[in-house]
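# Observations on the three-dimensional arrangement
These are the residues of each chain, in order.
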Amino acid sequence: QVQLVESGGGLVQAGGSLRLSCAASGRTFSSYAMGWFRQAPGKEREFVAAISWSGGNTYYADSVKGRFTISRDNAKYTVYLQMNSLKPEDTAIYYCAAGPAIATLTSDGSWGQGTQVTVSS
């Protein structure tokens with residue numbers, strides 16, 4: 001099972017940018033699909049973005065499409081989430097997940113501890 005550690009969260013004003021990183025342990029990182037999810041206070045966890053093992057396929061929630069970009073560097077065992085034009089409704093704890101397939105990240109994936117993103121208005 002892969003170990004994941006997120007970083008890069010913080011406090012930013014609306015319209016600003018942040019880049020989240022998720023560092024993974026294990027030599028099998030390059031074979032894993034990766035995803036970002038978030039959970040706001042009082043709300044259920046929701047999908048944000050995902051990327052295939054090769055990086056050739058990416059998927060986004062409608063709410064972040066055009067503002068967020070997911071990418072990965074298999075040589076560095078790291079996946080990124082570049083977040084631009086941030087809105088107060090993006091405030092949440094962001095979690096990184098890894099698994100054999102994007103479709104099963106929530107059921108079969110490994111999860112990090114999360115990083116807090118707060119967007120002030």
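Here, the structure is the one placed above.
## Let's talk about the sheet that holds strand S1 (residues 4-7)
The strand order across the open sheet formed by four strands is S1-S3-S8-S7, and the pairing between neighbours is antiparallel. Pairing within the sheet leaves two strands with one partner each, and these edge strands are S1 and strand S7 (68-73). Here the average twist between neighbouring strands, direction ignored, is 15°. As paired strands, S1 and strand S3 (residues 18-24) are joined by four bridges and run antiparallel to one another. Of the residues in S3, the one forming a bridge with Leu4 is Ala24.

## Digging into the pattern of salt bridges
Throughout the structure, instances matching the rule amount to four salt bridges. A salt bridge links Asp62 to Lys65; the nearest nitrogen and oxygen atoms lie 3.1 Å apart. For the pair Asp62 and Lys65, a shared accessibility class is recorded, and that class is exposed. Where Arg67 meets Asp90, a salt bridge forms, and the shortest distance between an N and an O atom there is 2.8 Å. Residue Arg67 is found in the loop between strand S6 (58-60) and S7, and its partner Asp90 is found in the loop between strand S8 (78-83) and strand S9 (92-99); the two are separated by 23 residues along the sequence.

## Structural notes on the state of the cysteines
Tallied over the full model, the rule gives one disulfide. The disulfide that involves Cys22 links it to Cys96, with 2.1 Å between the sulfurs. Taking the sign of the torsion about the S-S bond as the criterion, the disulfide between Cys22 and Cys96, at about -80°, is left-handed. With Cys22 in strand S3 and Cys96 in strand S9, this pair connects stretches of sequence that are 74 residues apart. Here the two residues Cys22 and Cys96 agree in accessibility, since each one is buried.

## Thoughts on the environment of Gln113
Its place among the elements puts Gln113 in the loop between strand S10 (110-111) and strand S11 (115-120). Gln113 sits in the partly exposed class, given a relative accessible area of 49%. On a C-alpha basis, the gap between Gln113 and Tyr95 in space is 6.7 Å, while along the polypeptide they are 18 residues apart. Residues contacting Gln113, with those up to four places away along its chain left out, are Leu4, Val5, Glu6 and Tyr95.

## Digging into the pairing of strand S4 (residues 33-39)
Among the seven residues in S4, six count as buried, and that is most of the element. In terms of strand pairing, S4 meets S9 through seven bridges, oriented antiparallel. If you follow Trp36 over to S9, its bridge partner there is Cys96. Bridge analysis of S4 against strand S5 (residues 46-51) gives five bridges, and the strand direction is antiparallel. Looking at S5, one finds that Met34 is bridged to Ile51. Connecting S4 to the antiparallel partner S5 that follows it, the hairpin turn spans six residues, and Gly42 within it adopts a positive phi of roughly 75°.

The rules behind the values
- Residues numbered from 1 in each chain as written.
- Predicted model: local features only at pLDDT ≥ 70, side-chain atom pairs only at ≥ 80, totals over all residues.
- Heavy atoms only, no water.
- Pairing = 2+ DSSP bridges.
- Helix = DSSP H or I, 4+ residues; strand = E, 2+ residues; numbered from the N terminus.
- Axes fitted to C-alpha atoms, helices over the stretch in contact; angles between N-to-C directions.
- Salt bridge = Lys/Arg side-chain N within 4 Å of Asp/Glu carboxyl O.
- Buried < 20%, exposed > 50% of the residue type's maximum accessible area, 1.4 Å probe, protein only.
- Disulfide = S-S within 2.5 Å.
- Contact = heavy atoms within 4.5 Å.

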